[in-house]
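# Observations on chain architecture
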Amino acid sequence: NAGVTQTPKFRVLKTGQSMTLLCAQDMNHEYMYWYRQDPGMGLRLIHYSVGEGTTAKGEVPDGYNVSRLKKQNFLLGLESAAPSQTSVYFCASSYHRGGAPADTQYFGPGTRLTVL
Amino acid sequence: AQSVAQPEDQVNVAEGNPLTVKCTYSVSGNPYLFWYVQYPNRGLQFLLKYITGDNLVKGSYGFEAEFNKSQTSFHLKKPSALVSDSALYFCAVRDNYPDSNYQLIWGAGTKLIIKP
């Protein structure tokens, strides 16, 4: 199993450009997440999905959109990139059985995005 | 408000000595607690979790964590540090409000440096 994969690994954008980050998981997990990691701020949840066709806002959703058209894929879009979106982006997934209190999240290797 | 605190930005330990990385939490209801590790330029990896039962939880790579309900703490420990343990460590607690879909609340991370 590849686990959680992310593409691309690195990207440099100019202000105002758009891009899509792709996350794929092969573990048949229901839940998927997009986080951003900035120095000294830990992980902040951008958006997440509790199943195919559903998405929800996290802590810092502004400036991002997501889609979960297939269970194994979760896309993160930036419509008009800003320098404040320079960060490392991590995708994660977890398997939530009904009523289970807490399941381990599995993370991808990350995408380093720079917006000039 | 529900929160996680990692009071130390950095912990320095000599190889072979015991190590402790501190974590305290504030959450309503039963706490479900996690530790993750991030090696340089990698995604986060699950180390261990506390759901219920024995207050001492054993995890990967020889790490363990002690749940202390009265002190609302979940400190990560290892009896004998290795240079290869040098990494960024994150504590997390499950958000127990159903509206959050039980997302994880993350600490800011503690950089652990093990010196030969």
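The preceding data block contains the structure.
These numbers were taken from a predicted model, which means no experiment stands behind them. (Residues numbered from 1 in each chain as written. Chains lettered and ligands numbered in written order. Predicted model: local features only at pLDDT ≥ 70, side-chain atom pairs only at ≥ 80, totals over all residues. Heavy atoms only, no water.)

## Some points on the overall build of chain B
Helix and strand content of chain B: zero helices and 12 strands. In chain B, which comprises 116 residues, the share counted as buried stands at 47%. Summarising the internal contacts of chain B: among those between residues at least 6 apart in sequence, 55% fall at separations of at least 24. Accessible surface computed for chain B: about 5,600 Å², of which carbon and sulfur atoms make up 49%. In chain B, 10 positive and 9 negative side-chain charges are present, and the distance between their average locations comes to 3 Å. (Helix = DSSP H or I, 4+ residues; strand = E, 2+ residues; numbered from the N terminus. Buried < 20%, exposed > 50% of the residue type's maximum accessible area, 1.4 Å probe, protein only. Contact = heavy atoms within 4.5 Å. Areas by Shrake-Rupley, 256 points an atom, 1.4 Å probe, with all protein chains shown as cover. Lys, Arg positive; Asp, Glu negative; His and termini not counted. Charge placed at Lys NZ, Arg CZ, Asp CG, Glu CD.)

## Remarks on the interface of chain B and chain A
With 22 residues of chain B at the interface, the matching set in chain A holds 22 residues. Taken together, the two surfaces of chain B and chain A that pack against each other cover about 1,600 Å², and 54% of this comes from carbon and sulfur. Of all residues in chain B, Leu44(B), Gln103(B) and Trp106(B) bury the most surface against chain A, accounting for 31% of the area lost on that side. Taken together, the links from chain B to chain A amount to zero salt bridges. (Buried area = accessible area lost by both parts, 1.4 Å probe. Salt bridge = Lys/Arg side-chain N within 4 Å of Asp/Glu carboxyl O.)

## Section: the state of the cysteines
What makes a disulfide is a covalent bond joining the sulfur atoms belonging to two cysteines. All names here are of chain A. Counting across every chain of the model gives two disulfides over all chains. The disulfide bridge from Cys 23 ends at Cys 91, spanning 1.9 Å between sulfur atoms. On the sign convention where negative means left-handed, the S-S torsion of about -75 degrees between Cys 23 and Cys 91 marks this disulfide as left-handed. Here the residue Cys 23 occupies a position in strand E3 (residues 19–25), and Cys 91 occupies one in strand E9 (residues 87–94), the gap between them amounting to 68 residues. Judged by relative accessible area, which is 0%, Cys 91 ranks as buried. (Disulfide = S-S within 2.5 Å.)

## Describing the sheet that holds strand E8 (residues 73–78) of chain A
Hydrogen bonds between backbone atoms are what pair the strands of a sheet, whose relative direction is either parallel or antiparallel. Residue and element names in this part refer to chain A. Reading across the sheet, the four strands line up as E1-E3-E8-E7 and stay open at both edges, with antiparallel pairing between neighbours. At either end of the open sheet lies a strand with only one pairing partner, and these are strand E1 (4–7) and strand E7 (65–67). Within this sheet the neighbouring strands show an average axis-to-axis angle of 20 degrees, counted without direction. Pairing analysis gives four bridges linking E1 to E3, with the strands arranged antiparallel. Counted as the bridge partner of Val 4 is Gln 25 from E3. (Pairing = 2+ DSSP bridges. Axes fitted to C-alpha atoms, helices over the stretch in contact; angles between N-to-C directions.)

## Description of the environment of Leu76(B)
All names here are of chain B. Tracing the chain through its elements places Leu 76 in strand E9 (residues 73–78). Put simply, Leu 76 and Asn 17 are 59 residues apart on the chain and 14 Å apart in space, counted from C-alpha to C-alpha. Contacts of Leu 76, omitting those with residues within four sequence positions, involve Leu 19, Thr 20, Val 21, Trp 35, Leu 47, Leu 48, Phe 63, Glu 64, Ala 65 and Tyr 89.

## A few points about unusual backbone geometry
At the junction of Thr7(A) and Pro8(A), the peptide bond is cis and its omega measures out at -5 degrees in the coordinates. By secondary structure assignment, the location of Pro8(A) is in the loop between E1 and strand E2 (10–13). Residues other than glycine seldom take positive phi values, yet Asn41(B) does so here, at roughly 60 degrees. Here Asn41(B) is to be found in the loop between strand E5 (33–38) and strand E6 (44–50). Note on Asn41(B): relative accessible area 67%, which makes it exposed. A positive phi is found at Tyr61(B), a non-glycine position, where the angle reads about 60 degrees. By the element assignment, Tyr61(B) lies in the loop between strand E7 (56–58) and strand E8 (64–68).

## Observations regarding the pairing of strand E5 (residues 43–49) of chain A
Residues and elements named next belong to chain A. The buried fraction of E5 is high, at seven of seven residues. In terms of strand pairing, strand E4 (residues 31–37) meets E5 through six bridges, oriented antiparallel. When the sheet's bridge partners are listed, Trp 34 is paired in E5 with His 47. Linking E4 to E5, which pair antiparallel, is a turn of five residues; within it Gly 40 sits at a positive phi near 75 degrees. The hairpin turn running from E5 into strand E6 (residues 56–57), its antiparallel successor, is six residues long, and Gly 53 in that turn takes a positive phi close to 85 degrees.

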